[in-house]
Amino acid sequence: MDTAPTNSSPAGPVTAVIVVAAGSGQRLGYGVAKAKVPLGGDTILMHALRGVAAAGIAQQICIAIPPGDADLQGLCAAFTRELADGLARTAESPYGVQIPVVTVVDGGANRADSVRAAMAALLPHTEAVLVHDAARALAPEAVFHRVAAALGAGASAVIPVIPVVDTVKTVEPTTGDGVAVAPELVTGTAPREGLRAVQTPQGFTFAILKRAHEAAAEFDADQAALVTDDAMLVELLGVPVHAVRGASQSLKITTPLDLILAEGLLEGPLGARWVEG
Ligand code: CTP
Ligand code: MG
């Protein structure tokens, strides 16, 4: 019998994790695609992929990278080899254990386009999909497990969230005489108890995610620019979106300050992934 781990299509129902990593990282301002920015002696994308692998819930990991980026293609190939090597070294691996199929696709012009490109490359029998931002490179395994557990318990859509610590106000640009005083005027204060900051991985049944993105594919450029996550597209369908506890270390590495925080988390005594928050 063949004891080597295989990388063929699994036969049963498939859970896929889409990792969107095709952004350019303008706000980080590093001069290279954010996915390949150094973090903790490796890169942002490699940390994100190791987190997905460590969670152990995916039969397929589908990664959207900037079109034609040979560095990131190489990085994904190295990750695939690392998965196979890791499993081969795991003595207690039962016969037939499969490593996740790793698929790499060209991302699109915006995040939703990248998700759609990845969805088009998912395996037959895909039932559940978690969509994860590579930029949330340090998301702990426990968050993947909470999202997957809610899907397993019957949710069609589930997002990880954390409480908002700041008071959040709505504003509008000042007009008339007000312009000389300040650029914006406060229009209201949202009650903080009911607010949550939203993270990834966000989990969906594949059927619902497909429907949500088919609807969004019809958006004009202005509407498309307002789409910042997948759950908001599901909300537009009227499908309930459930929320589980996220983690503070799932921060989205967006600005140079975030990168410093992420480096600090990795240097912590236990390593970022083991700190619950
Ligand atoms: N993303 C993507 N395809 C795009 C745009 C974004 O796959 N066309 C991904 C990013 O790679 C990231 C996630 O979506 O993992 C969240 O996007 P964001 O944090 O905004 O990353 P960037 O778009 O790279 O950053 P910026 O907006 O500062 O350019
Ligand atoms: Mg962006």
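Keep in mind it's a predicted model, so treat the numbers as computed, not measured. (Residues numbered from 1 in each chain as written. Chains lettered and ligands numbered in written order. Predicted model: local features only at pLDDT ≥ 70, side-chain atom pairs only at ≥ 80, totals over all residues. Heavy atoms only, no water.)

(A) Quick peek at the overall build of the protein chain. On a plain count of helices and strands, the protein chain comes out with eight helices and twelve strands. Looking at the protein chain as a whole, 42% of its 277 residues qualify as buried. Intrachain contacts of the protein chain at a sequence separation of at least 6 include 76% that bridge at least 24 residues. Working note: accessible area of the protein chain is about 13,800 Å², and carbon and sulfur atoms make up 57% of it. (Helix = DSSP H or I, 4+ residues; strand = E, 2+ residues; numbered from the N terminus. Buried < 20%, exposed > 50% of the residue type's maximum accessible area, 1.4 Å probe, protein only. Contact = heavy atoms within 4.5 Å. Areas by Shrake-Rupley, 256 points an atom, 1.4 Å probe, with all protein chains shown as cover.)

(B) Broad picture of the packing of aromatic side chains. By the definition in use, this model includes zero aromatic pairs. Just above the ring of Phe 206 sits the side chain of Lys 210; from NZ or CZ to the centre is 4.3 Å. (Phe/Tyr/Trp six-rings, centres within 6.5 Å; stacked < 30°, edge-to-face > 60°. Lys NZ or Arg CZ within 6 Å of the ring centre and 35° of its normal.)

(C) Quick look at the packing of helix α1 (residues 44-55) against helix α4 (residues 141-152). It is at 8 Å that the axes of α1 and α4 come closest, and there the two elements cross at 55°. Considering their axes alone, α1 and α4 lie oblique with respect to each other. Of the two possible hands of crossing, α1 and α4 adopt the one that is right-handed. Facing Gly 51, Val 52, Ala 54 and Ala 55 of α1, the residues of α4 in contact are Glu 141, Phe 144 and His 145. (Axes fitted to C-alpha atoms, helices over the stretch in contact; angles between N-to-C directions. Parallel < 35°, antiparallel > 145°, perpendicular 65-115°, else oblique. Left-handed = near helix turned anticlockwise from the far one by under 90°.)

(D) Fine view of helix α5 (residues 206-216). Here α5 has its buried residues at Phe 206, Ile 208, Leu 209, Ala 212, His 213 and Ala 216. One side of α5 holds all its buried residues, which, seen down the axis, span an arc of 165°. (Arc of directions from axis to C-beta.)

(E) Spotlight on the side chain of Thr 254. Mapping Thr 254 onto the fold places it in the loop between β12 (242-245) and α8 (256-267). Overall, the relative accessible area of 11% leaves Thr 254 in the buried class. What Thr 254 contacts, discounting residues up to four positions off in sequence, is Arg 27, Leu 28 and Lys 34.

(F) Just the nonpolar core, in detail. Judged by nonpolar contacts, the single largest core of 44 residues is most densely connected at Leu 45 and Ile 63. Contributing elements (two or more residues each) for this core: β1 (14-20), α1, β4 (60-65), α2 (70-89), β6 (126-133), α4 and α8. Residues Val 105, Ala 216, Val 227 and Leu 233 belong to the second largest nonpolar core, which totals 27 residues. (Core = buried A, V, L, I, M, F, W, Y, C linked by side-chain atoms within 4.5 Å.)

(G) Spatial organisation of the site of ligand 1. In the vicinity of ligand 1 there are 18 residues, among which Val 20, Gly 25, Gln 26, Arg 27 and Ser 114 approach most closely. Contact between ligand 1 and Ala 22: an oxygen atom at 2.9 Å from a main-chain N or O atom of the residue. Note that an oxygen atom of ligand 1 is positioned 3.2 Å from one of the backbone N or O atoms of Ala 135. Within the shell around ligand 1, the residues separate by chemical class into six nonpolar, seven polar and five charged. (Near = heavy atom within 4 Å. Polar contact = N/O pair within 3.5 Å; in protein donor to acceptor, adjacent residues only side chain to side chain. Nonpolar A, V, L, I, M, F, W, Y, C, P; charged D, E, K, R; others polar.)

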